[in-house]
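Residue-level structural notes
Here is what each chain is made of, one letter per residue.
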Amino acid sequence: MSDSKPTAFITFSDCDQRIELPLLEGSLGPRCIDIRQLGSQGYFSFDPGFLSTASCHSDITYIDGDLGLLYYRGYPIEQLAESADFLEVAYLLRHGELPIESERTGFDSVIRHHTMIHDQMNYFFRAFRRDAHPIAVMVSAVGALSAFYQDSAEVTDPLQREISMDRLLAKIPTIAAWSYKYNRGEPFIYPQNRLSYAANFLHMLHATPCEPYEPNPVAVRALDRIFILHADHEQNASTSTVRTAGSSYANPFACVAAGIASLWGPLHGGANEAVLRMLEEIGDVSRIGEFIQRAKDKSSGFRLMGFGHRIYKNMDPRAAIMRRTCHEVLDELGLHDDPLFKIALKLEEIALEDEYFIKKKLYPNVDFYSGIVLRALGIPTSMFTAIFALARTAGWTAQWNEMVSAKDHKITRPRQIYTGSPRRDFVPGEQRRSRRK
Ligand code: ACO
C-alpha cells in the first residue's frame, strides 16, 4: 500500500504470506479493519453473532457501550427524551436533522393522515384465532400491507420509499392496537387524526364505542418517551434483519415484518414482557436472593431478564431515563407503592453489588424498567413487544432507507465454515446401512 495511511497486517504462522489491509475510520468509535479483499485471497473471517464486525456505514445512531452513550444523529438520547417528541425523533432519524417548524407540522400532518388501514384489512385480522399473541398478528398484518399498498413498492424510487416509510410509521399504531382489540374480543377503534401519535395509540387501545375516552396527559408523555428510547439502536438483531431482508430490494412492508419477527424473541424485544413475568414470579423482595442464585447457576438455564446487553458494558443510558420515568409515572398516578417496582429496585440494588454481575458487566437494560411503566399506563403485558416494534419502526425504516440508497449497496451474503461431510456418492435405498448402533 503506497501512501502513509495506517494499515493492518495479517501474518501466518505456517507460511510466508502476509496480507496488508486498509483501516477505516468513522466519525466516532473504534477503527475498522477492512477485510473485503480477504475472500479474493482465499480466506474468510469468522465472527458468529457479529461481535467484532461492522456490517455497514451508517450516519444514524452511535453507541459507546463502555461509556453508556447513545446518540441519534449526534444528539444524546437524554436530550431527545427530555425535549423532543417521537415524531420529531422519527423525522431526525430519517432525514438527519431535526425538523424546522414547517417541516415538523408537515410531517406530523402526513403521519396523522395515513393512520387508517385499508378496510379490507379488517377481514384479514378476523381470520386469526382470538387468543393469538398481538405480535403474531402484527407480523402478518404488516407483511400484508405489501399486498394492499403496491403503489409504493418500487424500492429504487426515493419518492415511493418516502411514501412507504410514512405509511409504515402512521399505520403501525393502528395495527398494533387492532391486534390487541381482536385478542380482547372488542371492536376495532379507528384512529383519531386530532390526537397526537402517542395519544392516538392509547385511544385505539383503550377506547370502546360505549363511552368517551380521553388519554391521560401523563400517560401520553411517558409513552411518547418510551417510543423515543426505543426508536433506534444501531445494528441490533431486528435492524440487521430488516437490512438483510431489504438488501435484495424486497418489499419494504415485508422487510419490516421480518424485523418484527426478529424483535419478538425473548433475548431481544420480548425481554420487557419477560421482565414483568419474572418480577411477578419473584413476587416478594424476600425471594430475590433465590433468583439471583438461579441466574448465577449456568445449569439452571435461567437468566435475570432485563440484565445484560451485547453492547452496553456499563449502565444502558435508556435504563437510567426509564428508571426516572418510572418514578415520575408511579408518583403521578399514585402508584408509588407498586410492589413490582419495589422488587425491581431491590433486585437492581442487589445485582449491582453482586460479584457475578459486576465481573460480567451485567447492568439493567432499558427493558428492565419499561415493563413497569407500561403496566402502570394500563398497557397489557402481551402488548409490550408490540410497543417496542411500533417505536422501532422509525429506526427500521430510516436504516432501510439508508441501506437501499447507499452508493456501495450490496446484497447481504455472508459465508460460512463448512463442517459437513466431504464429497460422497449417492447410495440407492436398498444398499443403505442402518446408522443405529
Ligand atoms: N443473567 C445471568 N447471566 C447472564 C445474563 C443475565 N441476564 N446475561 C448474560 N449473562 C452471562 C452469560 O451466562 C455469560 O456467562 P459466561 O461468560 O460465563 O458464559 C455472560 O454473561 C455473557 O453472556 P452472553 O449471552 O454471551 O452475552 P451476549 O452479549 O451474547 O448477550 C443478552 C446479551 C442476550 C442481552 C444477554 O445479556 C441476555 O440474555 N440478557 C437477558 C435478556 C434481556 O434482558 N434481553 C434484552 C436485551 S436489550 C434489548 O433487546 C432492548
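See the structure above.
None of the values given here were measured: they were computed from a predicted structure.

1. Some thoughts on the packing of aromatic side chains
One pass over the structure, following the stated rule, counts 19 aromatic pairs. A centroid spacing of 5.1 Å and a plane angle of 75° characterise the contact between F307 and F368, whose relative ring orientation is edge-to-face. Of this pair, F307 sits in the loop between α12 (288–296) and α13 (317–332) while F368 sits in helix α16 (residues 366–376); the two residues are 61 residues apart in sequence, bridging distant segments of the chain. Assessed through its relative accessible area of 0%, F368 is described here as buried. Three or more aromatic residues joined by ring pairs form one cluster here, namely F307, F341, Y356, F357, F368 and Y369. For R18, the ring lying beneath its charged end belongs to F9, and the centroid distance is 3.9 Å. In this structure, R130 packs its charged tip against the face of Y182, placed 4.1 Å from the ring centre.

2. Regarding the environment of I175
Locating I175 in the fold gives a position in helix α6 (residues 158–184). Classification of I175 by relative accessible area gives buried; the value is 0%. Along the chain, I175 and R129 lie 46 residues apart, while their C-alpha atoms are 16 Å from each other. Sequence-distant contacts of I175, defined by excluding residues within four places in its chain, comprise I117, M121, F125, M138, A141, V142 and L145.

3. Remarks on the side chain of N272
Following the sequence through the fold, N272 ends up in helix α11 (residues 271–282). Beyond its immediate chain neighbours, meaning those up to four positions away, N272 contacts D367, S370, G371, L374, F384 and T385.

4. Comments concerning the sheet that holds strand β1 (residues 7–11)
A sheet is described by the order of its strands in space; here 3 strands give the open sequence β1-β2-β3, paired in antiparallel fashion. If you trace the sheet from one side to the other, it starts and ends with β1 and β3 (32–33), each paired once. As paired strands, strand β2 (residues 18–24) and β3 are joined by 2 bridges and run antiparallel to one another. Its bridge partner being in β3, L24 is matched across the sheet by C32.

5. Here's the deal with the environment of R167
Within the fold, R167 resides in helix α6. Overall, the relative accessible area of 11% leaves R167 in the buried class. Not counting residues within four places of it along the chain, the set of residues in contact with R167 comprises H114, Y149, D151, S152 and F253.

6. A closer look at the site of the ligand
In the vicinity of the ligand lie 20 residues, with K298, R303, L304, G306 and K360 positioned nearest. Isolated, the ligand exposes 930 Å² of accessible area, and the fraction of that covered by the protein chains is 77%. Class assignment of the residues belonging to the shell around the ligand gives a composition of 10 nonpolar, 5 polar and 5 charged.

7. A few points about the nonpolar core
Generally speaking, nonpolar side chains in soluble globular proteins are found buried as a group. Membership of the largest hydrophobic core comes to 116 residues, with the highest contact counts inside it found for Y72, F86, F201, L223, F227, L304 and I379. Per-element accounting of this core gives the leading share, 13 residues, to helix α17 (residues 384–404). Beyond its immediate stretch of four places on either side in the chain, I379 contacts L202, L205, H206, L223, L374, F384 and I387.

8. Here we look at the pattern of salt bridges
Evaluation of the coordinates by the stated rule reveals 23 salt bridges. We note a salt bridge from E101 to R104, for which the minimum N-O separation is 3.1 Å. Of the two residues, E101 and R104 are both situated in helix α3 (residues 101–112); the distance of 3 residues between them amounts to about one turn of the helix. Given the relative accessible area of 25%, R104 is considered partly exposed. A salt bridge links E328 to R225; its shortest N-O distance comes to 3.3 Å. Taken as a pair, E328 in helix α13 and R225 in helix α8 (residues 217–229) lie far apart in primary sequence, 103 residues in all. Given a relative accessible area of 41%, E328 falls into the partly exposed group. One salt-bridge network, held together by shared partners, links R94, E162 and D166.

9. Some thoughts on the sheet that holds strand β5 (residues 69–72)
What links the strands of a sheet is backbone hydrogen bonding, and the strands pair in either a parallel or an antiparallel sense. Taken in spatial order, the 3 strands line up as β4-β5-β6 in an open sheet, and their pairing is antiparallel. Two strands bound the open sheet, and with one partner strand each, they are β4 (61–64) and β6 (75–76). Pairing of β5 with β6, which is carried by 2 bridges, proceeds in the antiparallel orientation. Paired with Y72 across the two strands is Y75, which belongs to β6.

Here is what the cut-offs are and how they apply
Residues numbered from 1 in each chain as written. Predicted model: local features only at pLDDT ≥ 70, side-chain atom pairs only at ≥ 80, totals over all residues. Heavy atoms only, no water. Phe/Tyr/Trp six-rings, centres within 6.5 Å; stacked < 30°, edge-to-face > 60°. Helix = DSSP H or I, 4+ residues; strand = E, 2+ residues; numbered from the N terminus. Buried < 20%, exposed > 50% of the residue type's maximum accessible area, 1.4 Å probe, protein only. Lys NZ or Arg CZ within 6 Å of the ring centre and 35° of its normal. Contact = heavy atoms within 4.5 Å. Pairing = 2+ DSSP bridges. Near = heavy atom within 4 Å. Areas by Shrake-Rupley, 256 points an atom, 1.4 Å probe, with all protein chains shown as cover. Nonpolar A, V, L, I, M, F, W, Y, C, P; charged D, E, K, R; others polar. Core = buried A, V, L, I, M, F, W, Y, C linked by side-chain atoms within 4.5 Å. Salt bridge = Lys/Arg side-chain N within 4 Å of Asp/Glu carboxyl O.

This is a description of form; function is not addressed.
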